[in-house]
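Structure at a glance
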Protein chains: 2
Amino acid sequence: MVETRIADIAKFEGQEVIIKGWLYNKRSSGKILFLQIRDGSGFIQGVMVKNEVGEEIFEKAKEITQESSIIVYGTVKREERAPSGFELILKDVELVHLAPTYPIAKKEHGVDFLMDHRHLWLRSPRQVAIMRVRNTIVNATREFFDKNGFTLIDAPILTPSACEGTTNLFETEYFDTKAYLSQSGQLYMEAAAMALGKVYCFGPTFRAEKSKTRRHLIEFWMIEPEMAYVEFEENLQIQEQFVSYIVEKVLEKNLADLKVLDRDISKLENIKAPFPRITYDDAIKLLQEKGEDIKWGDDFGAPHETIIAESFDKPVFVTHYPTEIKAFYMKPHPQRPEVVLAADLIAPEGYGEIIGGSERIADLDLLLKRIEEHNLPKEAYQWYIDLRTYGSVPHSGFGLGLERTVAWICGLDHVRETIPFPRLLNRLYP
Amino acid sequence: MVETRIADIAKFEGQEVIIKGWLYNKRSSGKILFLQIRDGSGFIQGVMVKNEVGEEIFEKAKEITQESSIIVYGTVKREERAPSGFELILKDVELVHLAPTYPIAKKEHGVDFLMDHRHLWLRSPRQVAIMRVRNTIVNATREFFDKNGFTLIDAPILTPSACEGTTNLFETEYFDTKAYLSQSGQLYMEAAAMALGKVYCFGPTFRAEKSKTRRHLIEFWMIEPEMAYVEFEENLQIQEQFVSYIVEKVLEKNLADLKVLDRDISKLENIKAPFPRITYDDAIKLLQEKGEDIKWGDDFGAPHETIIAESFDKPVFVTHYPTEIKAFYMKPHPQRPEVVLAADLIAPEGYGEIIGGSERIADLDLLLKRIEEHNLPKEAYQWYIDLRTYGSVPHSGFGLGLERTVAWICGLDHVRETIPFPRLLNRLYP
Ligand SMILES: [Mg+2]
Ligand SMILES: [Mg+2]
């Protein structure tokens with residue numbers, strides 16, 4: 001008998017195998033026992049027939065409780081009706097460890113209860129499916145940037161100053177000084193792009209925000225590419241190719257997981273570059289036409305993003321935002337300095353902004369002016385200013401929020417399910 | 001003319017190309033100007049002949065300073081003596097931005113000066129080479145675990161309690177409570193392994209340690225795989241395969257970078273699984289024979305690790321450490337409870353421990369006893385205890401320190417060069 005994982009079961013049709021896992025669920029119809037077995041790589045039904053295994057083995061198997069760890073021995077049989085296409089005709093089952101009554105039952109649990117038991121909740125088919133999609137998105141991201149000549153440059157987490165203001169920052173003592181947890185690696189990526197041309201970072205970022213919405217996490221992961229000699233237009237093209245690539249890979253590798261999640265696949269199949277674009281000016285008009293009380297110069301809230309997204313069946317770029325409401329480092333439009341060469345990418349189906357990006361200011365004098373206007377501490381930014389002193393070049397970049405992307409692709413109501421151990425307001429356990 | 005990157009130059013032999021980059025260095029021999037050009041993907045020599053380009057272009061090119069950003073136009077010519085195998089016969093050069101005197105000159109600079117200018121220092125060939133090797137190691141890591149059926153599970157950075165004691169932790173206010181920056185994702189990986197079988201995390205970890213050695217960073221990245229139903233011996237096999245895979249990939253992709261770093265390739269070519277093993281008992285005897293003042297029960301210091309490593313030409317596993325000096329969650333040897341089923345992997349050439357790993361305690365009662373013995377707060381560990389309550393299984397895992405691995409593979413004296421923006425005692429800038 002050969003040991004295998006459920007994910008590889010198709011290779012062993014007709015053969016006897018050993019699978020090491022847990023009992024996910026069981027039901028009995030008198031003389032037949034159906035054991036739902038999971039091993040982390042997948043789920044499979046094991047069928048035990050009393051007359052074939054004998055009374056002793058059958059009674060032993062009947063006593064095994066949900067989430068007990070078990071090693072099963074059986075023959076792989078094709079079964080078209082099974083989600084995996086196979087079932088196991090069980091010969092024997094060995095109990096590794098008997099679990100007492102499992103706290104997560106079939107019945108509906110409240111969110112707080114599930115979050116308190118996140119370490120166990122992760123075992124459910126839905127959570128496993130989300131984690132597998134997340135894994136594909138991360139791997140596809142790395143692949144995409146690797147194929148396109150980018151070098152991974154990890155940005156520091158502990159930083160001396162804030163990228164965009166000092167509110168919503170976690171602070172910690174750093175020996176004789178203070179450090180802050182990074183909200184973005186972007187400025188560091190700009191330095192790295194001047195060294196390695198095309199770079200990206202992919203790490204955790206932190207926002208000490210007291211907001212409690214279905215789109216916000218305190219701790220979340222961001223992918224932040226930065227490219228020397230890349231201007232506004234090319235930046236958008238890379239973004240739409242990147243997002244299309246991610247979706248393509250999930251469709252290639254996670255169809256079964258998307259099925260577990262009841263995701264409408266056709267909506268994802270439609271996500272192919274190029275993506276539509278709308279200027280901020282036109283987006284404001286669109287919102288006003290839809291009866292929204294918004295005027296030029298206002299930032300969008302989540303409901304506005306949803307209305308804009310509803311006008312398109314793909315992610316949509318909103319371009320050329322007012323300079324006033326965007327970050328200090330964004331390059332103004334050469335003919336219209338009141339707007340910047342920035343774009344946010346808004347996901348379809350109400351999932352909101354998943355990318356923010358822009359061309360950056362390359363001009364030293366303008367950058368110095370902006371730093372002054374925004375009351376930023378010049379000494380802390382000296383190294384960033386240096387990038388415009390020694391061989392400044394046009395450059396652009398963007399940041400994609402991993403969890404919002406997972407929420408969109410998986411079709412989830414709340415970002416709390418997109419990350420293994422979510423950190424929220426009042427949620428630091430487990 | 002077609003725009004290309006230096007890394008792809010071989011495809012354009014005999015053709016006219018455009019390269020966008022920076023002037024790394026220049027020298028002149030009267031009527032010939034040699035421009036060292038870098039674009040982040042590589043370095044190439046451009047040759048400009050006065051008689052061919054004319055006085056105006058030649059004089060313009062002569063005025064370009066080090067680290068000025070430039071766009072060059074030229075023909076790709078095979079040149080066996082060049083490190084890249086090619087040079088560019090320049091037709092014209094366009095100045096994008098003229099740099100004032102570059103602070104990092106050819107002369108030797110002190111470490112503090114270079115660290116203060118890390119954002120510029122990163123542009124030097126040596127630093128670029130290190131970052132490229134780091135990039136390969138990271139990608140090879142992801143590939144290895146992906147190919148072997150692991151799911152990436154990001155561990156949280158903000159945690160309510162410490163994995164191994166509360167000293168050396170960075171603390172921050174987390175709304176109405178306190179959070180600590182993670183030193184290890186391992187305990188979370190144990191929970192995830194019970195859900196997904198084979199998992200790993202790969203993120204930043206933090207140690208607020210006042211030590212100033214060439215092996216310590218305050219912020220560093222760790223790869224931490226965890227595997228259900230994997231016991232001590234198999235854990236070691238996966239580790240040696242993993243480390244061999246990393247080295248193989250670096251040798252495949254970064255030969256030119258290793259040359260820049262003057263790395264002795266033959267030492268790396270020898271790194272193939274299986275790796276030698278020595279028990280802690282025998283390692284103590286070995287050290288005593290070499291005249292070291294050490295006795296059974298003592299932990300190894302860096303000099304001890306170096307002496308042990310010198311007896312082998314591959315990384316060496318030191319196995320079965322005393323239970324007393326190891327973490328609370330490590331499984332004791334069934335016949336010798338005074339030692340644990342743990343192993344550290346010590347890199348050759350004095351680079352010290354790069355992996356620590358073990359089989360974990362699966363037994364609920366023993367875990368509870370250890371938590372008590374180590375005075376750990378039981379409530380904070382309740383979720384971790386649950387893993388031994390609901391379907392406990394034998395499981396093992398390990399943690400590899402990325403920066404020490406980069407230091408070893410690149411042959412670096414100090415870990416400060418292994419990470420883009422190092423965080424050290426008294427070093428939080430840039
Ligand atoms: Mg925004
Ligand atoms: Mg150790």
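Cut-off values and rules
- Residues numbered from 1 in each chain as written.
- Chains lettered and ligands numbered in written order.
- Predicted model: local features only at pLDDT ≥ 70, side-chain atom pairs only at ≥ 80, totals over all residues.
- Heavy atoms only, no water.
- Helix = DSSP H or I, 4+ residues; strand = E, 2+ residues; numbered from the N terminus.
- Buried < 20%, exposed > 50% of the residue type's maximum accessible area, 1.4 Å probe, protein only.
- Areas by Shrake-Rupley, 256 points an atom, 1.4 Å probe, with all protein chains shown as cover.
- Lys, Arg positive; Asp, Glu negative; His and termini not counted.
- Charge placed at Lys NZ, Arg CZ, Asp CG, Glu CD.
- Core = buried A, V, L, I, M, F, W, Y, C linked by side-chain atoms within 4.5 Å.
- Contact = heavy atoms within 4.5 Å.
- Axes fitted to C-alpha atoms, helices over the stretch in contact; angles between N-to-C directions.
- Parallel < 35°, antiparallel > 145°, perpendicular 65-115°, else oblique.
- Left-handed = near helix turned anticlockwise from the far one by under 90°.
- Nonpolar A, V, L, I, M, F, W, Y, C, P; charged D, E, K, R; others polar.
- Phe/Tyr/Trp six-rings, centres within 6.5 Å; stacked < 30°, edge-to-face > 60°.
- Lys NZ or Arg CZ within 6 Å of the ring centre and 35° of its normal.
- pLDDT = per-residue confidence, 0-100.
- Salt bridge = Lys/Arg side-chain N within 4 Å of Asp/Glu carboxyl O.

This brings us to the overall build of chain A. Secondary structure assignment for chain A yields 14 helices and 17 strands. Each principal axis of the C-alpha atoms in chain A carries an extent, and together these give about 85 × 55 × 40 Å. Relative to its full complement of 430 residues, chain A shows a buried share of 61%. Taken as a whole, chain A presents about 16900 Å² of accessible surface, with 49% of it coming from carbon and sulfur. Counting 53 positive and 66 negative side-chain charges, chain A places the centres of these two groups 6 Å from one another.

One broad rule of soluble globular proteins: the nonpolar side chains tend to lie buried together. The biggest cluster of nonpolar side chains holds 232 residues, and the ones touching the most others in it are Phe300(A) and Phe300(B). Discounting residues that sit within four places of it in the chain, Phe300(A) has contacts with Tyr280(A), Ala283(A), Ile284(A), Leu287(A), Ile294(A), Glu305(A), Ile308(A), Val318(A) and Tyr321(A). In terms of nonpolar packing, the next biggest core, distinct from the first, is built from 24 residues, Ile157(A), Leu158(A), Ala208(A) and Ile218(A) among them.

Right, let's talk about the packing of helix 5 (residues 125–147) of chain B against helix 14 (residues 402–410) of chain B for a bit. Residues and elements named next belong to chain B. As a packed pair, helix 5 and helix 14 sit with axes 10 Å apart at the nearest point and diverge in direction by 120°. The angle between helix 5 and helix 14 falls in the class oblique. As helix 5 runs across helix 14, the sense of the crossing is right-handed. On the side of helix 5, the interface is formed by Ile130, Val133, Arg134, Ile137 and Val138, while helix 14 contributes Leu402, Glu403, Thr405, Val406, Ile409 and Cys410. Across the contact of helix 5 with helix 14, the residue classes break down as eight nonpolar, one polar and two charged.

Next up on the list: the packing of aromatic side chains. Counted according to the given criterion, the structure contains 54 aromatic pairs over all chains. Centroid distance Tyr24(A) to Phe43(A): 5.3 Å. Interplanar angle 75°. Geometry classified as edge-to-face. Residue Tyr24(A) is located in strand 2 (residues 16–28), and its partner Phe43(A) is located in strand 4 (residues 43–49); the two are separated by 19 residues in the primary sequence. The class of Tyr24(A) is buried, set by a relative accessible area of 18%. For Phe43(A), a relative accessible area of 27% puts it in the partly exposed group. When the centroid spacing of 6.1 Å and the interplanar angle of 70° are considered together, the rings of Phe328(B) and Tyr384(B) count as edge-to-face. Of the two residues, Phe328(B) sits in the loop between strand 14 (316–319) and strand 15 (342–347) while Tyr384(B) sits in helix 13 (residues 382–389), which places them 56 residues apart along the sequence. Accessibility assignment for this pair places Phe328(B) and Tyr384(B) in one class, buried. These aromatic residues form a ring-pair network of at least three members: Phe144(A), Phe145(A), Phe150(A), Tyr200(A), Phe242(A), Tyr245(A) and Phe398(A). Above the face of the Phe34(A) ring, Arg27(A) is positioned so that its terminal group lies 4.3 Å from the ring centre. Against the face of Tyr321(A) rests Lys326(A), its NZ or CZ located 4.2 Å from the ring centre.

All right, on to the confidence of the model for chain A then. Taken as a whole, chain A shows an average pLDDT of 96; of its residues, 99% reach a score of 70 or greater. We note a pTM of 0.97 for the whole complex and an ipTM of 0.97 for its interfaces.

Turning our attention to the pattern of salt bridges. Residues and elements named next belong to chain A. A full pass over the atoms with the stated rule returns 70 salt bridges over all chains. We note a salt bridge from Lys91 to Glu16, for which the minimum N-O separation is 3.1 Å. Residue Lys91 is found in strand 6 (residues 86–97), and its partner Glu16 is found in strand 2; the two are separated by 75 residues along the sequence. Accessibility expressed as a relative area gives 43% for Lys91, which makes it partly exposed. Of the residues examined, Glu16 reaches a relative accessible area of 32% and is grouped as partly exposed. Several salt bridges share partner residues, and in doing so they unite Glu13, Arg78 and Glu80 into one network.

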